[in-house]
Each structure stands twice: as C-alpha cells, then as structure tokens.
Amino acid sequence: MSAILRAATERDAALLAQLHRECFEEKWDEASLHSVLTHPATSAFIAGDAAANDLQAFIAIQTFADEAEILTLGTAPTARRKGLAKSLLFHAAAHAAEYGARTIFLEVAETNAAAAALYAGAGFAIVGRRKSYYRGEAGQGIDALRLSAALPLAAGRGIVR
Ligand SMILES: CC(C)(COP(=O)(O)OP(=O)(O)OC[C@H]1O[C@@H](n2cnc3c(N)ncnc32)[C@H](O)[C@@H]1OP(=O)(O)O)[C@@H](O)C(=O)NCCC(=O)NCCS
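Below, the structure is looked at part by part. (Residues numbered from 1 in each chain as written. Predicted model: local features only at pLDDT ≥ 70, side-chain atom pairs only at ≥ 80, totals over all residues.)

A look at the site of the ligand
Right, on to step 1. Near the ligand there are 22 residues, and of these Thr 75, Arg 80, Ala 85, Ala 114 and Ala 117 occur at the shortest range.
Right, on to step 2. The set of elements that each furnish at least two residues to the shell around the ligand consists of β4 (67–75), α3 (84–98), β5 (103–109) and α4 (113–121).
Right, on to step 3. With six residues, the top contributor of residues to the shell around the ligand is α4.
Right, on to step 4. When the residues that make up the shell around the ligand are grouped by side-chain class, the tally is 13 nonpolar, five polar and four charged. (Near = placed C-beta within 6 Å. Helix = DSSP H or I, 4+ residues; strand = E, 2+ residues; numbered from the N terminus. Nonpolar A, V, L, I, M, F, W, Y, C, P; charged D, E, K, R; others polar.)

Printed below as a string of structure tokens:
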C-alpha cells in the first residue's frame, strides 16, 4: 500500500465522524469532531491508501504545556493491521514533542487487546486505572487503563502490569 498521512482540518469533520462510527460504539458526531478539529490545543491527522485516495485511520491529540493526551485513535475495520494506527501514533507523538510535550497519556479499555498491543509496542506503561469507566455489551463495568510514555517515543518497552 502506498500510504498517505496528513494533518486533518475542520473540512475533514464528516470523514472523521464516519471513521469514528466504524471504530467505536460510543460515536462522536460531526459537530463534536468539528469542535475537536478547531480546538487550538488539538491536532489531528488522517492516514490511508494514497493510490486508492482512501483515508481510513485517524488520531486526535491535545497538548498542554509539557503533557499530551491522545483523545481518539482508530482505523476502519477494512484497513486494520497495515500499520496505519502505529504510523499515526508515532507521527502525533513526534508532533506533540515538537510543541514541548515531554509525556503522553491516553485511556484504553482493559479489554481492548488490539490497542494494548499497539501501545505496548510503542513503549507505553500503565500509570492508573479508572474502575468501571466503560460499559460492556451486557452493561457490565469495564475498567479504563491510563497509559503513559515519555516523549519522544522509544519503541520496544512492554506494558508494565
Ligand atoms: C487498535 C487499532 C487502532 C489498531 O489499528 P491498526 O491500524 O490495525 O494498527 P496497526 O496496523 O498500526 O498495528 C500496529 C501494531 O499494533 C498491534 N495490533 C494491532 N491490532 C492488533 C490486533 N487485532 N491484535 C493484536 N495486536 C494488534 C500489533 O502489534 C501491530 O503490529 P503488527 O501488525 O506488526 O503485529 C484498531 O484496531 C481500531 O481502530 N480499533 C477500534 C478503535 C480502538 O480501539 N481505538 C483505540 C482506543 S484507545
């Protein structure tokens, strides 16, 4: 695949809403994504297949002083395991580091094995847990793990449990 990765602008709100819908049960609508894309502390990037002109993955990251927070990250189901999320994660982290961030944070459901593997490979460690932060299909509580990594990202360290 010839990959493309570019900054997202407010004109991409509808596309991001569509991709978000494909990736998450708790969807963000176009208006919410427009707010994310126009927030001064937020940067967003999209990636996909350049040859097919098909954008299939996205990330949004917020930077305040020396801390960055990943707000959302997803790859459309048909485009998974092609390295798009990893590329976006490293690109957004490098962008935040350029703007002065020294540490990056995010929250992920403890049942999300794909995301856990992605973040472990990027050197994130567990630094906190929010009990029953998410709801499962049967209404059960699912803990959110708070992960963090020093910037710039150095791949290779696993998640510390
Ligand atoms: C998690 C998610 C973003 C990964 O996107 P992706 O583009 O498929 O990920 P990549 O192809 O960049 O994968 C990078 C690495 O992550 C790990 N990984 C990704 N998906 C995986 C899976 N299903 N099972 C195990 N490891 C996985 C692997 O180590 C992979 O490297 P490899 O393919 O060389 O083995 C995607 O599955 C997704 O959108 N899920 C739904 C939304 C979500 O959970 N977002 C994250 C919330 S914090």
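Comments concerning the pairing of β5
Right, on to step 1. Covered by surrounding structure in β5 are Ile 104, Leu 106 and Val 108 only, the residues Thr 103, Phe 105, Glu 107 and Ala 109 on the alternate face being uncovered.
Right, on to step 2. Summarising the sheet, β4 and β5 pair through three bridges and their orientation is parallel. Across the sheet, Glu 67 pairs through a bridge with Thr 103, a residue of β5.
Right, on to step 3. In this view, the connection linking β4 to its parallel neighbour β5 by way of α3 has right-handed handedness.
Right, on to step 4. The pairing of β5 with strand β7 (residues 141–150) spans seven bridges and is antiparallel. When the bridges of β7 are listed, Phe 105 appears paired with Ser 148. (Buried ≥ 20, exposed ≤ 12 C-beta atoms within 10 Å, placed from the backbone. Pairing = 2+ DSSP bridges. Right-handed = clockwise from strand over helix to strand, strands pointing away.)

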